[in-house]
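Fold and contact review
Letter by letter, the chains look like this.
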Amino acid sequence: MPDYMYLLESRLSPEQRAALERVQELARSQDLNVYLTGGAVRDLISGQPIRDLDFTVEGNPQRMVRELEKGGARVTWESEKLRHYELIFAGDADGSISTAREDFYDRPGAKPEYRFAGIMDDLRRRDFSINAIAISLNVQSRGLLLDPTNGLADLERQEVRALSIHAFTNQPVRMMRILRYCTRMGSKMESRTQEWFDLAKERGLHDNLEGAEVGHELRSIARDDNPVPALKQWEAHGFLAAIHPQLQRRKPDYDSLNKLARVRGNYFAAGIRPRLHVAVTSYILGRLKSREAAAALRNLDFRSAEIDAIAQLVPEGQKIVKMLKSRKTDSAREAYFFIASVPPEMLAYIEVEMPNPRVSSKIRNYIQKWRPMRLALPVAELDSLGIPRGPKFDKILEQVFEKQLRGKARTPEERTKLLRDLAGIKEEAPKKAEKKRRSKEAAAPVSKPNAAKSREAQQSAAATAAPAQGKGAQNEQVSQAPADARGKHQKAANTQQAAKRHNPPAHPRSKARPTKKSRSR
């Protein structure tokens, strides 16, 4: 059995994970049973990006929503009748919280009657089996998968199956929804669901769609990564007329939508998640006249704030472009701080709608160079130097960032030296002993391997000299007698030479004269 909680937590973004933990905490404190349902579970199991966190509560979630608002969440739409709240959690994660309920119809196509119920009844009343799956977030059953309609098998078969033969009759807007699911997930309709879809289309149920329901589908398709395939499916089945009668003939601005999808992909790769639903809606209605587009938005039950945001796209974009082209943003520092103050969805819209080489270059530098550089500031390294957090700490980081924008302090060594200089930390002076040792080594460097070699050479020479000395002693004993004889002969020879010097020999021709003593004799 898969560990759905581990799978869920590994797939969620940090902001979504924080929102999930906060909702679980509030549910425990208020004794409410809470479940993750709908699109979040469907996208989790099918491997799609998890866009929204949809929570279903057995009970009234009003107190929970108010507590979330105190923590920074923003409610974008609410229905007290249905106890349904759509909101943006703290950290900029989309989601919704609603009460488990049942829908009762007096006859097919009539208005439903709502009754609050348990989680299993809530799952069975839903539109398609792939949306009727839940994961328990309660302490006693955390991670338990609830699938009363076997939607998991439909996900594995990549099929979308309606839960009732009256699914399209009761809510014809589901015809638009099922096409959106099929294109986004690469799935197909289940065979009986396809028959019910064709029958509803033949009966013209899509001609009488309610504006608020179509507006909800338009908001949903505007949050898709690439809405073009689903829009073309709506166009092929004639559903664009439900948005505005002229839109089926004039068609959305598909080229700009494709460019916007590519820009979105670049931003996602850089860790930026722009909310492009306003720009997408603008391009869907872009070929309508301004008067027709405003009328369509009012008919689709768009709020005044949403209509104003769409109308202000072009004027706001022109102001930003003018600022980026001026000299006020010539320096990298000024350009960075100005672009950082602009919402990322506005930057993406400018890249598509108002291309300019100078402006595009600054935006690319911000996304590819300056922002990553800002995120990689040496906070931990400054902590390791013992600088306490505070104004001085922040000032040093800002100075480092400015130096890096100018192309300095890029290497770790340069960055460390700069941090020490800015923090006022001097380099430690070397000790005297270390200084002497280094000077001796520099004067007469003798490496340990060479010393070892010299010792080995001395030992080998001594070993070689020992046998030689033994042989010399033997030769000395053998030659001792001849040496004594030679010494005696040499002594005799020396004596004779000395006698010759004192008594030189007589001339050979002369005779020796007798001495006085001999004559007297």
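Nothing here was measured: the structure is a model prediction, and the numbers come from that model. (Residues numbered from 1 in each chain as written. Predicted model: local features only at pLDDT ≥ 70, side-chain atom pairs only at ≥ 80, totals over all residues. Heavy atoms only, no water.)

This part is about the pattern of salt bridges. Scanning the entire structure with this criterion turns up 38 salt bridges. The partner of Glu 210 in a salt bridge is Lys 111, with the nearest N and O atoms 2.2 Å apart. One end of the pair, Glu 210, is in the loop between helix H9 (191-202) and helix H10 (211-222); the other, Lys 111, is in the loop between strand S6 (101-104) and strand S7 (113-116), and 99 residues separate them in sequence. Judged by relative accessible area, which is 35%, Glu 210 ranks as partly exposed. Through salt bridges that share partners, Arg 101, Asp 103, Asp 122, Arg 125 and Arg 126 make up one connected network. (Salt bridge = Lys/Arg side-chain N within 4 Å of Asp/Glu carboxyl O. Helix = DSSP H or I, 4+ residues; strand = E, 2+ residues; numbered from the N terminus. Buried < 20%, exposed > 50% of the residue type's maximum accessible area, 1.4 Å probe, protein only.)

Turning next to the pairing of strand S3 (residues 74-79). Summarising the sheet, S3 and strand S4 (residues 84-89) pair through five bridges and their orientation is antiparallel. Across the sheet, Trp 77 pairs through a bridge with Glu 86, a residue of S4. What sits between the antiparallel neighbours S3 and S4 is a turn of four residues, in which Arg 83 has the positive phi angle 55°. (Pairing = 2+ DSSP bridges.)

This part is about the sheet that holds S3. Taken together, seven strands build an open sheet; the order of strands is S3-S4-S5-S2-S1-S8-S9 and the sheet is mixed. On the outer flanks of this sheet lie S3 and strand S9 (145-146), each paired with one strand and no other. In the packing of helix H2 (residues 14-29) onto the sheet, the strands contacted are strand S1 (33-37), strand S2 (52-58), S4 and strand S5 (93-99), and the crossing angle to S2 comes to about 5°. Running over the sheet, helix H3 (residues 39-46) touches S1, S2, strand S8 (134-136) and S9 and is turned about 50° from S1. (Contact = heavy atoms within 4.5 Å. Axes fitted to C-alpha atoms, helices over the stretch in contact; angles between N-to-C directions.)

For the structure on display, the rule yields nine aromatic pairs. Considering the side-chain rings of Phe 168 and Phe 197, the 5.9 Å spacing of their centres and the 80° angle between planes classify their relative orientation as edge-to-face. A residue pair is termed long-range when its members are at least 10 positions apart, and Phe 168 in helix H7 (residues 167-170) and Phe 197 in helix H9 qualify at 29 residues. Residue class for Phe 168 comes out buried when judged on its relative accessible area of 2%. Where Tyr 336 meets Phe 401, the ring centres are 5.0 Å apart and the plane angle is 65°; that geometry is what we call edge-to-face. Note that Tyr 336 is positioned in helix H18 (residues 332-340) and Phe 401 in helix H22 (residues 391-405), a separation of 65 residues in sequence. Judged by relative accessible area, Tyr 336 falls into the buried class, the value being 7%. Taken together, the ring pairs connect Tyr 336, Phe 337, Tyr 366 and Phe 401 into an aromatic cluster. In this structure, Lys 232 is placed above the aromatic ring of Tyr 254, and the distance from its NZ or CZ to the ring centre is 5.3 Å. One Lys or Arg, Arg 374, reaches over the ring of Phe 401 and ends 4.8 Å from the middle of that ring. (Phe/Tyr/Trp six-rings, centres within 6.5 Å; stacked < 30°, edge-to-face > 60°. Lys NZ or Arg CZ within 6 Å of the ring centre and 35° of its normal.)

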